[in-house]
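An overview of the molecular structure
In case you want the letters, here they are:
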Amino acid sequence: RVAGPSAIIASSTSALDINTITRGVMRIDRCITAHPFNPPHIVPVVEVLPTEKTNPDVTERTVDFLKSVGQKPIIMNRFIVGYLINRIQAAVVREAIHLVTSGAASVEAVDTLMSDGLGLRWALFGSFGINHTNADGGLREYYTRYGKAYQSIMNDLDSSPPTFDPEMIEIIARSVDDLYGRAPVADHCRWRDRLVRKIRALKDEDPGP
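Reference entry: report on the structure contained in this document.

Basis of the calculations
- Residues numbered from 1 in each chain as written.
- Predicted model: local features only at pLDDT ≥ 70, side-chain atom pairs only at ≥ 80, totals over all residues.
- Heavy atoms only, no water.
- Axes fitted to C-alpha atoms, helices over the stretch in contact; angles between N-to-C directions.
- Helix = DSSP H or I, 4+ residues; strand = E, 2+ residues; numbered from the N terminus.
- Contact = heavy atoms within 4.5 Å.
- Nonpolar A, V, L, I, M, F, W, Y, C, P; charged D, E, K, R; others polar.
- Left-handed = near helix turned anticlockwise from the far one by under 90°.
- Salt bridge = Lys/Arg side-chain N within 4 Å of Asp/Glu carboxyl O.
- Buried < 20%, exposed > 50% of the residue type's maximum accessible area, 1.4 Å probe, protein only.
- Pairing = 2+ DSSP bridges.
- Core = buried A, V, L, I, M, F, W, Y, C linked by side-chain atoms within 4.5 Å.
- Polar contact = N/O pair within 3.5 Å; in protein donor to acceptor, adjacent residues only side chain to side chain.
- Phe/Tyr/Trp six-rings, centres within 6.5 Å; stacked < 30°, edge-to-face > 60°.

**Some words on the packing of helix α4 (residues 107-122) against helix α7 (residues 166-180)**
At a minimum axis distance of 9 Å, the contact between α4 and α7 shows a crossing angle of 65 degrees. Residues Val107, Glu108 and Asp111 of α4 form the contact with α7, whose participating residues are Ile172, Ser175, Val176, Leu179 and Tyr180. The residue inventory of the contact of α4 with α7, partitioned by class, reads 5 nonpolar, 1 polar and 2 charged.

If you want it as structure tokens, here you go:
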């Protein structure tokens, strides 16, 4: 009621359905989700999800505005619980916890393989891009050659999510304290932000083929 007639009304929710949030709102056609990823002043991705009644012009204006301030908006086709980033993150978190609590690996081992293994490649390509570069013939060859192996791994993945009970949290937390507790969390965050900026700068300087 108080917003100007051309104002876009956006929510930054990372889990709730924008169609539910805006139910009964006047001018639902100008409502939209614009969900940034933490830390939002450093990480450029923003998930954009229109309502079922959002004017396409509003979606276009939202995307254009986000691009104008250096963000990288991605448009979701429909609502799904957890949106895109948090669903992929939750899948990784679940398996990381399972590997530790099942005794397959330590917290340090899991975090090292993420930061110095998968993470280095993921900073350059997404999942499908990595698959595409893992075989000389590209993704078609990779999936054809390794599809059965992947299927075997996927069938073996733990189907029961962690309960996040105090005992499990403490098991993980003690190892995290040993691994990262030498400095305050804020110091780790500042280091993270510096390095992410440098990685982004390197990607801008060398955008690839």
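**What to know about the packing of helix α3 (residues 83-101) against α4**
Relative to each other, α3 and α4 sit at 145 degrees, their axes nearing to 9 Å. Once α3 is placed against α4, the crossing between them reads as right-handed. Here Val92, Ala96, Leu99 and Val100 of α3 lie close against α4, whose contacting residues are Val107, Val110 and Met114. Taken together, the residues of the contact of α3 with α4 break down into 7 nonpolar, no polar and no charged.

**Overview of the pattern of salt bridges**
Scanning the model with the defined rule gives 5 salt bridges in all. A salt bridge links Glu170 to Arg174; the shortest N-O distance between them is 3.8 Å. Highlighted residues: Glu170 and Arg174, both in helix α7, separated by 4 residues, approximately one helical turn. The class for Glu170 is partly exposed, based on a relative accessible area of 39%. Classification of Arg174 as partly exposed rests on a relative accessible area of 45%.

**Quick look at the sheet that holds strand β2 (residues 31-36)**
On the basis of which strands lie adjacent, the open sheet formed by 4 strands has the order β1-β2-β3-β4 and mixed pairing. Of all the strands in the sheet, just β1 (9-11) and β4 (72-75) have a single pairing partner and so form its edges. Geometrically, the sheet is characterised by an average inter-axis angle of 30 degrees between neighbouring strands, direction not taken into account. Two elements, β2 and strand β3 (residues 45-50), share 5 bridges in a ladder whose sense is antiparallel. Pairing of Ile32 across the sheet is with Pro50, part of β3. Those strands touched by helix α2 (residues 56-68) are β2, β3 and β4, and its axis lies near 155 degrees from that of β4. Docked against the sheet, α3 engages β2, β3 and β4, running at close to 120 degrees with respect to β3.

**A closer look at the nonpolar core**
Residues Ile97, Val100, Val107, Val110, Met168, Ile172 and Leu179 constitute the largest nonpolar core, which totals 7 residues. Among the secondary structure elements, those contributing two or more residues to this core are α3, α4 and α7. Per-element accounting of this core gives the leading share, 3 residues, to α7. When neighbours within four sequence positions are excluded, Met168 is seen to be in contact with Ile97, Thr101 and Pro162.

**A few points about the environment of His41**
Positionally, His41 belongs in the loop between β2 and β3. The exposure class of His41 is exposed, given its relative accessible area of 55%. In this structure, the C-alpha to C-alpha distance between His41 and Arg30, residues 11 residues apart in sequence, is 25 Å. When sequence neighbours within four positions are dropped, the list of residues in contact with His41 reads Asp193 and Arg197. At 3.4 Å, the side chain of His41 and the side chain of Asp193 are in polar contact.

**Concerning the packing of aromatic side chains**
One pass over the structure, following the stated rule, counts 4 aromatic pairs. Considering the side-chain rings of Tyr142 and Tyr143, the 6.2 Å spacing of their centres and the 40 degrees angle between planes classify their relative orientation as tilted. Residue Tyr142 is classed as buried on the basis of its relative accessible area, which comes to 8%. A relative accessible area of 36% places Tyr143 in the partly exposed class. For the ring pair Tyr142 and Tyr150, a centre distance of 5.9 Å and an interplane angle of 70 degrees mean the geometry is edge-to-face. Among the aromatic side chains, those forming a connected cluster through ring pairs are Tyr142, Tyr143, Tyr146 and Tyr150.

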